[in-house]
Amino acid sequence: MKKLAGQNFSRRAFMAGTAAAIGTPVLAQDVDGQGTVEIESDVSALVRRNISSFRTLDWQPYFTNLTNGAILVDLSSRALHYWEESGTYHLYPSSVPLTEDLTRRGRTSVIRKVEGPSWRPTPSMRKRNPEWPEFVGPGPDNPLGTHALYLSWTYYRIHGTHDTRKIGRRSSNGCIGLYNEHIAQLFGMAKVGTQVLLI
């Protein structure tokens, strides 16, 4: 490796220094001058864990059959797994509920499919966010995106989103969000009666 003036670098020293730098928390810049510097935690372990859990799965540990297809939402890896009745498998990144108290786990099913859904915030959403509109029709401002699968649980949906920054994050008020192109695919395959499991 080339020596710089006054310094002795080896490949081993360079790699050790790089590894130390990667494991060090990063300080965000104080861009507004208001003392709002935020320390970003070491995300390498979190990223590694999320990548390893975002993998293909077999349906048998979760469902007894694939009648009407099956949807498994893994909340920890933020992934939606879908098996068609034929066994064909699809994997999509998703958004998940923002907090544990907004999160619901267990078995449900698709009871309704709506293309171009309208949206009304739930009573608890209105309480937390009184400035939100009471109704949003279909279109680019709709939080449900282009398609929605309504679940048997009141207020719970698997839907699209126009805000693609939400995918892969804890960002919803309880629903599971997909990219609009992914919910359109899932919408075309899933049926009323498709079984759904959130774990």
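Refer to the preceding data block for the structure.
How each quantity is defined
Residues numbered from 1 in each chain as written. Predicted model: local features only at pLDDT ≥ 70, side-chain atom pairs only at ≥ 80, totals over all residues. Heavy atoms only, no water. Pairing = 2+ DSSP bridges. Helix = DSSP H or I, 4+ residues; strand = E, 2+ residues; numbered from the N terminus. Axes fitted to C-alpha atoms, helices over the stretch in contact; angles between N-to-C directions. Contact = heavy atoms within 4.5 Å. Salt bridge = Lys/Arg side-chain N within 4 Å of Asp/Glu carboxyl O. Buried < 20%, exposed > 50% of the residue type's maximum accessible area, 1.4 Å probe, protein only.

Asks: Any details on the sheet that holds strand β12 (residues 195–198)? Residues and values, ideally.
Replies: What the eight strands build is an open sheet, ordered β5-β4-β3-β12-β7-β8-β9-β11; its pairing is mixed. The two strands at the open ends of the sheet, each matched to only one other strand, are β5 (89–93) and β11 (176–179). Pairwise comparison of adjacent strand axes, ignoring direction, gives a mean angle of 25 degrees for this sheet. As paired elements, strand β7 (residues 106–115) and β12 share four bridges and run antiparallel to each other. Residue G106 lies in a different strand from β12, and its bridge partner there is L198. Packing of helix α4 (residues 180–189) onto the sheet brings it into contact with β3 (70–74), β4 (79–83), β5, β7, β8 (147–151), β9 (157–161) and β11, and relative to β11 it is tilted by some 105 degrees.

Asks: Would you mind going over the pattern of salt bridges in detail, with residue names and values included?
Replies: Here the structure, examined in full by the defined rule, presents four salt bridges. Note that K191 is salt-bridged to E85, the shortest N-O span being 3.1 Å. Linking K191 in the loop between α4 and β12 with E85 in the loop between β4 and β5, this pair joins segments that are 106 residues apart in sequence. Accessibility expressed as a relative area gives 37% for K191, which makes it partly exposed. With a closest N to O distance of 3.8 Å, E134 and R126 form a salt bridge. A relative accessible area of 25% means that R126 is categorised as partly exposed.

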